[in-house]
Amino acid sequence: MKKVDATVLQETKYVSVWVLILSVLMQSVFLVIGKWDYTVLLGNLLSGAFSVLNFFLMGLTVQSALGKDEKEVKNAVKLSQTYRSLMMFAMLAVGVLVPVFNTLAVVIPVVFPRISFIFRPMFDKKQ
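Residues numbered from 1 in each chain as written. Predicted model: local features only at pLDDT ≥ 70, side-chain atom pairs only at ≥ 80, totals over all residues. Heavy atoms only, no water.

A. Here's a closer look at a nonpolar patch on the surface. The grouping of Val94, Val96, Leu97, Val98 and Val107 at the surface amounts to a nonpolar patch, some 410 Å² of accessible area in total. When residues in the nonpolar patch are grouped by element, the largest group, three residues, is from helix α3 (residues 70-97). (Patch = residues over 30% accessible without salt bridge, like charges linked within 9 Å, V, L, I, M, F, W, Y side chains within 5 Å. Areas by Shrake-Rupley, 256 points an atom, 1.4 Å probe, with all protein chains shown as cover. Salt bridge = Lys/Arg side-chain N within 4 Å of Asp/Glu carboxyl O. Helix = DSSP H or I, 4+ residues; strand = E, 2+ residues; numbered from the N terminus.)

What follows is the structure, encoded as structure tokens:
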């Protein structure tokens, strides 16, 4: 197995920090509106962890695609997307169907990695 590229690790850390920040913010909102309980925390932990894992696996796919021909890359990316989508769907299904998880706290963190890249230009040191 290849060593994980430093860029994949760096970007995963970036996403992880933003998922943590946005998770704390979401927990605070639930607390302020009086809807917080342990199910919110558990749902947030489940979804946040899977969102970061999904991003990390996507990074590994991109890393492994380097140096391959176009057809191999296309197939590898398509297969990875399929498996990662199934993983996220299964996680969402468990989070929604098992009563120990708050449904909103499971669904909302799925978009946290995307939100993290909206803020990326503000913190990019290269510009």
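Alright, that's what it looks like, and here's the rest.
B. Molecular detail of the packing of helix α1 (residues 6-32) against helix α2 (residues 38-65). Two elements in contact, α1 and α2, have axes whose closest approach is 10 Å; the angle formed by their N-to-C orientations is 160°. As summarised for this structure, α1 and α2 are arranged roughly antiparallel, according to the angle between their axes. As α1 packs across α2, the resulting crossing turns out to be right-handed. Listed contacts from α2 to Val8, Leu9, Glu11, Thr12, Val15, Ser16, Val19, Ser23, Met26, Gln27 and Phe30 of α1 are Val40, Leu41, Asn44, Gly48, Val52, Phe55, Phe56, Gly59, Leu60 and Gln63. The class makeup of the residues in the contact of α1 with α2 is twelve nonpolar, eight polar and one charged. (Axes fitted to C-alpha atoms, helices over the stretch in contact; angles between N-to-C directions. Parallel < 35°, antiparallel > 145°, perpendicular 65-115°, else oblique. Left-handed = near helix turned anticlockwise from the far one by under 90°. Contact = heavy atoms within 4.5 Å. Nonpolar A, V, L, I, M, F, W, Y, C, P; charged D, E, K, R; others polar.)

C. Inspection of the layout of surface pockets at higher detail. Taken as a whole, the largest pocket encloses approximately 340 Å³ of empty space. Every residue along the wall of the largest pocket is listed here: Ser51, Asn54, Phe55, Met58, Gln81, Arg84, Ser85, Met88, Val110, Pro113, Arg114 and Phe117. For the lining of the largest pocket, the secondary-structure elements that each account for two or more residues are α2, α3 and α5 (112-118). (1 Å grid on protein atoms, 1.4 Å probe; cavity = no way out; pocket = protein on both sides within 12 Å on 5 of 7 lines; lining within 4 Å. Points joined across faces, edges and corners; volume = space filled by probe spheres on them.)

D. Representation of the packing of aromatic side chains in the model. Enumeration over the complete set of coordinates arrives at three aromatic pairs. Each ring, one from Tyr14 and one from Phe117, has its centre 5.6 Å from the other, and the planes form 50°; the classification is tilted. One end of the pair, Tyr14, is in helix α1; the other, Phe117, is in helix α5, with 103 residues separating them in the sequence. The class for Phe117 is partly exposed, based on a relative accessible area of 31%. Arranged with centres 4.8 Å apart and planes meeting at 5°, the rings of Trp18 and Phe119 form a pair that is stacked. Separated by 101 residues along the polypeptide, Trp18 in helix α1 and Phe119 in the loop between α5 and α6 (120-123) bring together distant segments of the chain. The rings of Tyr14, Phe55 and Phe117 are connected pair by pair, giving a single aromatic cluster. (Phe/Tyr/Trp six-rings, centres within 6.5 Å; stacked < 30°, edge-to-face > 60°. Buried < 20%, exposed > 50% of the residue type's maximum accessible area, 1.4 Å probe, protein only.)

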